[in-house]
Amino acid sequence: MSQLFHLNESNNRSDCSKLSIIDYLIQNGNSTTADMARVIGVSMPTAAKLISELCDDGYVNEYGKLETDEGRRPQLYGINPSSAYFLGIDFDKDVVNIGLIDFCGSLVELQLDKPFKQENTMENLDELCKLINNFIDNIEIPREKIQLMNVNISGRVNTDTGYSYSMYNFSEEPVASLFTQKVGITTTIENDSRAMGYGEYISSNFRGYSNVLFFNVSWGLGMSIIIDGEPYKGKSGFAGELGHVHAFDNEIICQCGKKGCLETEASGSAFYRIVRERLAAGEASTVKRDANGDFTLKDLIEATNNEDWLCIDVVESIGLKLGQHIAGLINIFNPELVVLGGSMSAVGDYLLQSVRSAVIKYSLSLIYKDTKIVLSNLKDRVGVIGACMIARKNALKE
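Quick caveat, the model's predicted, so the values are computed rather than measured.

### What to know about the overall build of the protein chain
For step 1, the next point in the chain: Across its full length, the protein chain carries 12 helices and 15 strands.
For step 2, the next point in the chain: The globule rule puts the C-alpha radius of gyration for 398 residues at 21 Å, and the 23 Å found for the protein chain is close to it.
For step 3, the next point in the chain: Counting the 398 residues in the protein chain, one finds 52% classified as buried.
For step 4, the next point in the chain: Here the protein chain displays about 18,300 Å² of accessible surface, and carbon together with sulfur accounts for 47% of that area.
For step 5, the next point in the chain: Taking the average place of the 37 positive charges on the side chains of the protein chain and the average place of its 52 negative ones, the gap between the two points comes to 2 Å.

This is the structure:
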């Protein structure tokens, strides 16, 4: 691993300033020495020296002169995109997505929907690591240039300790350490919804917002909280477990083992269950079914977008239930932006408009009128891009 990424273990002021410069250039693009000196709080000569050293190390490039009408035109500096790469791993139902970004955050390699069913066993972890190693071995980027890997895991995840409490929790050793050993790249783990929210925030056109709520409406239901531009984790990394808020007096057992969770009526798994129940009761639908009469969540999403009445009705009901709870969160957080993401966001306005209707009905008008509610821009890539972006963010931690 390159020297720069050992700086996050150093208390050396010069090293920390270099990390600050790198972070500033990532966030703001090409900049002048004066800009960076002002923001990181050092003198112009010190900033010039730090930038020169970063150029010598290959992490920063010169990008011409700043266009100006008067005086001497200052030199622009920016990140060298090929100086470092970051790997991200994300899961959807029965598939794994693997992506690689360069130092500037551009996606350079992507493998979507590789069949893979997660199981809480060492054998399953070994199988996953084989897939990851095969991905790395078949790209043109040298393995040694991949500075850090991040793996998204649903449920309770403590990214600081590297322990997962919902998947791959069979060992006393942190799962992040197991990935590091088996892949040979330093690895962190992150809650999938939090990574999605951060990826959406940092990679799409939402950078102008500071306070964002992202809802991962997939097979389960999760939430990411962005406060002042930073993902909020809570004390142990477990913040955002919206799906397991008690919301209904039903007898449906949630995947967490409890009854009545919001996820049991407002998620992809709820969509699947409700459609099955209504079909069994004799209602008609155009949803594609296999020889056994079964279907997938993707089949339901396709049917919805092809104007299947039953699927549309179920989606709108889910949107109203979810929107009622989003309304309460808007009252609490007063966010600038609410983003609906995850696999169910692919039904578009059928979900969006019903959520908006519930928010108007159940939140305070003085608050919700300041909140924009939109669909994810990154769509089915949001999880893997978020994993990559978290990897880069973790590599640059001071």
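### Some points on the nonpolar core
For step 1, the next point in the chain: By size, the foremost hydrophobic cluster in this structure holds 45 residues, and its most contacted members are Ile21, Ile22, Leu25, Met36, Phe86, Phe103 and Val339.
For step 2, the next point in the chain: If you list the elements that add at least two residues to this core, you get α1 (13-28), α2 (33-40), α3 (44-57), β3 (75-79), α6 (192-203), β11 (212-217), β14 (337-341) and α12 (382-395).
For step 3, the next point in the chain: The biggest single contributor to this core is α12, with 8 residues.
For step 4, the next point in the chain: The contacts of Val339, once residues within four sequence positions are left out, are Glu200, Phe206, Val212, Leu213, Phe214, Phe215, Val374, Leu375 and Ser376.
For step 5, the next point in the chain: Listed in part, the 42 residues of the second largest apolar core include Tyr272, Val287, Leu300 and Leu351.

### Points about the sheet that holds strand β10 (residues 187-191)
For step 1, the next point in the chain: Taken in spatial order, the 5 strands of this open sheet run β6-β5-β4-β7-β10, and their pairing is mixed. Two strands lie at the open edges of the sheet, namely β6 (107-115) and β10, each paired on one side alone. Averaged over all adjacent pairs, the angle separating strand axes in this sheet is 15°, with direction ignored.
For step 2, the next point in the chain: Judged from the 8 bridges that link them, strand β4 (residues 85-92) and strand β5 (residues 95-102) form a sheet pairing that is antiparallel. Pairing of Ile89 across the sheet is with Ile98, part of β5.
For step 3, the next point in the chain: Lying over the sheet, helix α4 (residues 122-137) contacts β4, β5, β6 and β7 (146-153), oriented at roughly 35° with respect to β5.

### Side note on the packing of aromatic side chains
For step 1, the next point in the chain: This structure, assessed with the given rule, holds 9 aromatic pairs.
For step 2, the next point in the chain: Centre to centre, the rings of Phe86 and Phe103 are 5.7 Å apart; their planes meet at 55°, and the pair counts as tilted. Of the two residues, Phe86 is situated in strand β4 and Phe103 in the loop between β5 and β6; the sequence distance between them amounts to 17 residues.
For step 3, the next point in the chain: When the ring of Trp219 is compared with that of Tyr272, the centres are 5.6 Å apart and the planes differ by 55°; the resulting orientation is tilted. With Trp219 in the loop between β11 and β12 (221-227) and Tyr272 in helix α7 (residues 268-280), the pair connects residues that are 53 residues apart, well separated along the chain.
For step 4, the next point in the chain: When its relative accessible area of 14% is taken as the criterion, Tyr272 is described as buried.
For step 5, the next point in the chain: Taken together, the aromatic side chains of Tyr59, Phe86 and Phe103 make up a single cluster linked through ring pairs.
For step 6, the next point in the chain: Against the face of Trp219 rests Lys93, its NZ or CZ located 4.4 Å from the ring centre.

### Comments concerning the pairing of β3
For step 1, the next point in the chain: Counting buried residues in β3 gives 5 out of 5 residues, a clear majority hidden from the surface.
For step 2, the next point in the chain: Where strand β1 (residues 31-32) meets β3, 2 bridges bridge the pair, whose relative direction is antiparallel. The residue bridging Ser31 from the neighbouring strand is Tyr77, located in β3.

### Considerations on helix α5 (residues 175-183)
For step 1, the next point in the chain: Among the residues of α5, those classed as buried are Val175, Ala176, Leu178, Phe179 and Val183. Buried residues of α5, viewed axially, fall in a sector of 160°; they line one side.
For step 2, the next point in the chain: Residues of α5 that are buried in the fold lie against α4, β7, β9 (163-164) and β10.
For step 3, the next point in the chain: The first or second residue beyond α5 is Gly184, which carries a positive phi of 80°.

### Section: the side chain of Ser218
For step 1, the next point in the chain: Along the chain, Ser218 falls in the loop between β11 and β12.
For step 2, the next point in the chain: Separated by 3.2 Å, the side chain of Ser218 and the backbone nitrogen of Ser343 make a polar contact.

### As for the pattern of salt bridges
For step 1, the next point in the chain: The final tally for this structure, using the stated rule, is 17 salt bridges.
For step 2, the next point in the chain: With a closest N to O distance of 3.2 Å, Lys321 and Glu265 form a salt bridge. Here Lys321, found in helix α9 (residues 309-333), pairs with Glu265, found in the loop between β13 (230-231) and α7; they are 56 residues apart in sequence, far enough to count as distant.
For step 3, the next point in the chain: With relative accessibility at 23%, the residue Lys321 sits in the partly exposed group.

### A closer look at unusual backbone geometry
For step 1, the next point in the chain: A positive phi angle is found at Asp113, which is not glycine, with a value near 60°.
For step 2, the next point in the chain: Looking at where Asp113 falls in the secondary structure, it is placed in strand β6.
For step 3, the next point in the chain: For Glu307, which is not a glycine, the phi torsion comes out positive at approximately 70°.

### Focus: the sheet that holds β11
Through backbone hydrogen bonds, the strands of a sheet pair up, either in parallel or in antiparallel fashion.
For step 1, the next point in the chain: What the 5 strands build is an open sheet, ordered β13-β12-β11-β14-β15; its pairing is mixed. Edge positions in the sheet fall to β13 and β15 (372-375), since each of these pairs with one other strand and no more.
For step 2, the next point in the chain: Of the strand pairs in this sheet, β11 and β12 are connected by 6 bridges, and their pairing is antiparallel. Bridge pairing links Val212 to Ile226 in β12.
For step 3, the next point in the chain: On the sheet, α6 packs against β11, β12, β13 and β14 and is oriented at approximately 50° with respect to β12.
For step 4, the next point in the chain: Along the sheet face, helix α10 (residues 349-362) touches β14 and β15 and points at about 160° away from the line of β15.

Cut-offs and rules
Residues numbered from 1 in each chain as written. Predicted model: local features only at pLDDT ≥ 70, side-chain atom pairs only at ≥ 80, totals over all residues. Heavy atoms only, no water. Helix = DSSP H or I, 4+ residues; strand = E, 2+ residues; numbered from the N terminus. Rg over C-alpha atoms; globule rule 2.2 N^0.38 Å. Buried < 20%, exposed > 50% of the residue type's maximum accessible area, 1.4 Å probe, protein only. Areas by Shrake-Rupley, 256 points an atom, 1.4 Å probe, with all protein chains shown as cover. Lys, Arg positive; Asp, Glu negative; His and termini not counted. Charge placed at Lys NZ, Arg CZ, Asp CG, Glu CD. Core = buried A, V, L, I, M, F, W, Y, C linked by side-chain atoms within 4.5 Å. Contact = heavy atoms within 4.5 Å. Pairing = 2+ DSSP bridges. Axes fitted to C-alpha atoms, helices over the stretch in contact; angles between N-to-C directions. Phe/Tyr/Trp six-rings, centres within 6.5 Å; stacked < 30°, edge-to-face > 60°. Lys NZ or Arg CZ within 6 Å of the ring centre and 35° of its normal. Arc of directions from axis to C-beta. Polar contact = N/O pair within 3.5 Å; in protein donor to acceptor, adjacent residues only side chain to side chain. Salt bridge = Lys/Arg side-chain N within 4 Å of Asp/Glu carboxyl O.

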